[in-house]
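Working through the structure, step by step
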Amino acid sequence: MSIWGTTAVVGAWEHPTRFAPHMTAFQIHAESARGALADAGLTIGDVDGFFTSGVGPIGLLSLCQHLDLRPDHVDSTSIGGSSFVSHCLHAAAAIAAGLCKVALVTYGSTAASERFAVGTAGLVMGEPPDQFEAPFGPTIVGSYAMVAQRHMHEYGTTSAELAEIAVTMRRHAGLNPHAKYREPITVEDVLASRVISSPLHLLDCCVISDGGGALVLTSAERARDLARRAVLILGGAEAVRHLGIGRHDLLDVAARQSGPLALARAGVRHDDIDCCMIYDSYTITVLATLEALGFCKPGEGGAFCAGGRIALGGALPVNTDGGGLSSNHPGMRGIFLVIEAVRQLRGEGGEAQVSDAKLALVHGTGGMLGQRHSGVTMILGRS
Amino acid sequence: MAETRPYKKPLPRVDEESRGYWEALARHELYFQRCRDCGTARSYPRAVCPSCLSSATEWVRASGRGTVYTFTVTQQNQTAGFRDELPYVLAMVELEEGPRLVTNLVGCAPDDVRTGMPVEVAFEDVTGEIALPKFRPA
Ligand SMILES: [Zn+2]
């Protein structure tokens, strides 16, 4: 049986917390599992496939114990913030292949209450590439900043163009009662915020929050008997990019490979997409991803994101929940991309609803954009 | 060079795949590798050529000249060592022989750094055994 169009997201739940010093990350996983299973009209006993990404000391085995799960199929793909998008693709493949019937994907983190410096901690000496980088003080934000700098050099992209993306995300966050920051900001506000790693300012960077979420997937056939309108997984693909042997074009990001493949697998074109959920760790991530996905030409991302095109009411609304730039970013936010896409395709977007949304493109980026990163694209469709 | 204050930044781990690289740097010589079978240059050093999986490797001495491929002026890094030296310039330098390195730019004001700017290697002795290849304006 083909993967595409035969499996569906049938439960989705985003934990409303943004700051939870009274909670543990395990607890956020568990509460999210409860929320998503209740949304699906299923029970924990129905789960026979479990997908999560190890974070710090929290591994898949520990989470299985915490939730007392005994699944037939597990996957702890850990490729950064995109992992949970990847888990959905892997769950779709596993369901289509008969390896499991009901897949649960969970995420939880207390990055904010633990005061974890997500983007500005140095690189810890670990695997081989690190010894050639860590002595020079790379940070996650610095890695993305070097891509932004190169983009500015090659195409003349400006800080004001990047700022426009942050302004748009904040406008969307204003419609999301759970968003961490909801007060409108201007391009001037972004440019006046302190530089963290040039050319990226504080407001070019995602927030640091606590939070989590969960998803439940099953076959499209079984989905017909369940409570909620199913959201079909129509296509998807993964890719990685890295410095390789030292000749890598920094603007050739993973989305350039995963995007066209995902669209082709879904049998849809760019013009068919009603809204996008694009991992926005930094403003440059959105700009570089939209170009690489092929929504505009290389170098045209700045102009593409201007003038409200990626805002609600524009031609291609992006991150209608306010994204990582304003709503939440507990360290890895791939799951929220999928949850917001599901919300839109079910017509549950409230004030932020994209009218008649039928097709959504989700793209997660994980890791360090300028050194090594993953990109996972997934096309979701209303059933 | 006698460094008396403790060096707090991460030191590279010298392993069997990169020992020759670090030993040369300690002598203030910058080398990269080239595959003897397919001729592909590679950076960082590793035992097997990713292009053809050959282990036949030659070390090529770099001139030390290059250009800034990209950079960022780091204003925030919580890690010990770097925290005390803000702002500093993290960069990728393209050697004139082709391969690029992740490095720091030194010897000029961070505001004066430009992409495409010509640079040359400036070895920084950090311990008796370890020197790091940093770059300064040429
Ligand atoms: Zn070779």
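Located above this text is the structure these notes cover.
What this report covers is the structure whose coordinates are included nearby.

Thresholds, definitions, all that
- Every chain is numbered independently, its residues counted from 1 as its sequence is written.
- Think of it this way: whatever chain is written first is A, whatever ligand is written first is 1, and the rest follow in order.
- Local features in this predicted model are restricted to residues whose pLDDT is 70 or higher, and side-chain atom pairs enter the listing and the counts only when it is 80 or higher, whereas totals over whole chains, interfaces and linings include all residues.
- By convention in this description, side-chain values take in all heavy atoms of the structure and omit both hydrogens and water.
- Labels follow the DSSP assignment, with helices taken as runs of H or I lasting at least four residues and strands as runs of E lasting at least two, numbered in each case from the N terminus.
- What the globule rule says is 2.2 Å times the number of residues to the power 0.38, and the radius of gyration is computed from C-alpha atoms.
- A 1.4 Å probe and the Shrake-Rupley method give the accessible areas. Residues count as covered only by the protein chains that appear here.
- All tallies of charge rest on Lys and Arg as positive and Asp and Glu as negative; His and the ends of each chain are not included.
- Where a charge lies is defined by one atom per residue type, namely NZ (Lys), CZ (Arg), CG (Asp) and CD (Glu).
- Contacts between residues were defined by any pair of non-hydrogen atoms, one from each residue, lying within 4.5 Å.
- When two parts are brought into contact, each loses some accessible area as probed by a 1.4 Å sphere; the total of that loss over both is the buried area.
- Between Lys or Arg on one side and Asp or Glu on the other, a salt bridge is scored when a side-chain nitrogen of the former is within 4 Å of a carboxyl oxygen of the latter.
- Pairing between strands is defined by DSSP: at least two bridges between the two strands are required.
- For helices, the axis comes from a line fit to the C-alpha atoms of the stretch in contact; other axes are also lines fit to C-alpha atoms, and the angle between any two N-to-C directions lies between 0 and 180 degrees.
- We call an atom a donor if it is N, O or S and sits within 2.8 Å of the metal, or 3.2 Å for Na, K and Ca. Water is not counted, so some sites may look partial.
- Square planar and octahedral assignments, for four and six donors respectively, both demand that opposite donors be over 155 degrees apart and that all other angles lie between 65 and 115; tetrahedral needs four donors with all angles between 85 and 135 degrees, and anything else is irregular.
- The buried label applies to any residue whose accessible area, calculated with a 1.4 Å probe on protein chains only, is under 20% of its type's maximum; exposed applies above 50%, and partly exposed to all values in between.
- To qualify as a nonpolar core, a set must consist of buried Ala, Val, Leu, Ile, Met, Phe, Trp, Tyr and Cys residues joined through side-chain atoms within 4.5 Å.
- Put simply, two rings from Phe, Tyr or Trp (the six-membered ring, in Trp's case) pair if the centres are within 6.5 Å, and we call them stacked under 30 degrees between planes, edge-to-face over 60, tilted for the rest.

The next thing to look at is the overall build of chain A. The number of helices and strands found in chain A is 13 helices and 11 strands. Its C-alpha atoms give chain A a radius of gyration of 19 Å, within 12% of the compact-globule value 21 Å for 383 residues. Reported as C-alpha extents along the three principal axes, the dimensions of chain A are approximately 55 × 45 × 40 Å. If you sum the accessible surface of chain A, you get close to 13100 Å²; carbon and sulfur atoms cover 53% of it. Mean positive and mean negative side-chain charge positions of chain A (28 and 36 charges, respectively) differ by 2 Å.

What follows deals with the interface of chain A and chain B. Contacts between the two partners involve 39 residues from chain A and, on the opposite side, 46 residues from chain B. The contact between chain A and chain B buries some 3400 Å² in all, and 58% of this surface belongs to carbon and sulfur atoms. Considering only the side of chain A, the residues that lose the most area to chain B are A:F132, A:F136 and A:I245, jointly responsible for 24% of the buried surface there. Joining chain A to chain B, the criterion identifies zero salt bridges.

Turning next to the sheet that holds strand β9 (residues 275–278) of chain A. Residue and element names in this part refer to chain A. A sheet is described by the order of its strands in space; here nine strands give the open sequence β3-β2-β4-β7-β1-β8-β11-β10-β9, paired in mixed fashion. Across the chains shown, the open sheet's two edge strands, defined by having one partner strand only, are β3 (73–75) and β9. Averaged over neighbouring strand pairs, the angle between their axes works out to 25° when direction is ignored. When strand β10 (residues 359–368) meets strand β11 (residues 372–382), the two strands line up antiparallel, connected through 10 bridges.

Our next topic: the coordination of the zinc ion. Residue and element names in this part refer to chain B. Around the zinc ion, the donor atoms from the protein are C35 (SG), C38 (SG), C49 (SG) and C52 (SG), and they sit 2.3 to 2.4 Å away. The coordination sphere of the zinc ion comprises four donor atoms, whose angles at the metal cover 102 to 117°; the geometry is tetrahedral. Site description for the zinc ion: donor spacing in sequence, C-x2-C-x10-C-x2-C. One end of the pair, C35, is in strand β1 (residues 31–35); the other, C49, is in the loop between β2 (41–42) and β3 (57–61), with 14 residues separating them in the sequence. C49 carries the same exposure label as C35, and that label is buried.

All names here are of chain A. Among the nonpolar cores identified, the biggest contains 103 residues, and I273, L290 and I379 are the most heavily contacted of them. Non-local contacts of L290, meaning those with residues more than four positions away in its chain, are made with I278, F295, C296, F304, C305, I310, L316 and V318. Of all hydrophobic cores here, the second largest spans 38 residues; its members include A103, V231, F336 and M378.

Turning to the packing of aromatic side chains, a few remarks are in order. Applying the stated criterion across every chain, the model contains eight aromatic pairs over all chains. Relative to A:F336, the ring of A:Y107 has its centre 6.0 Å away and its plane inclined at 70°; by these criteria the two rings are edge-to-face. Taken together, the residues A:Y107 in strand β4 (residues 103–109) and A:F336 in helix α13 (residues 334–346) connect sequence positions 229 residues apart. Judged by its relative accessible area of 0%, A:F336 falls in the buried class. Ring geometry for A:F132 against B:Y44: centres 4.7 Å apart, planes inclined by 15°, an arrangement best described as stacked. With one member in each of two chains, A:F132 in the loop between α4 (128–131) and α5 (140–155) and B:Y44 in the loop between β2 and β3 form a pair that bridges those chains. In this structure A:F132 comes out as buried when scored by relative accessible area, which is 8%.

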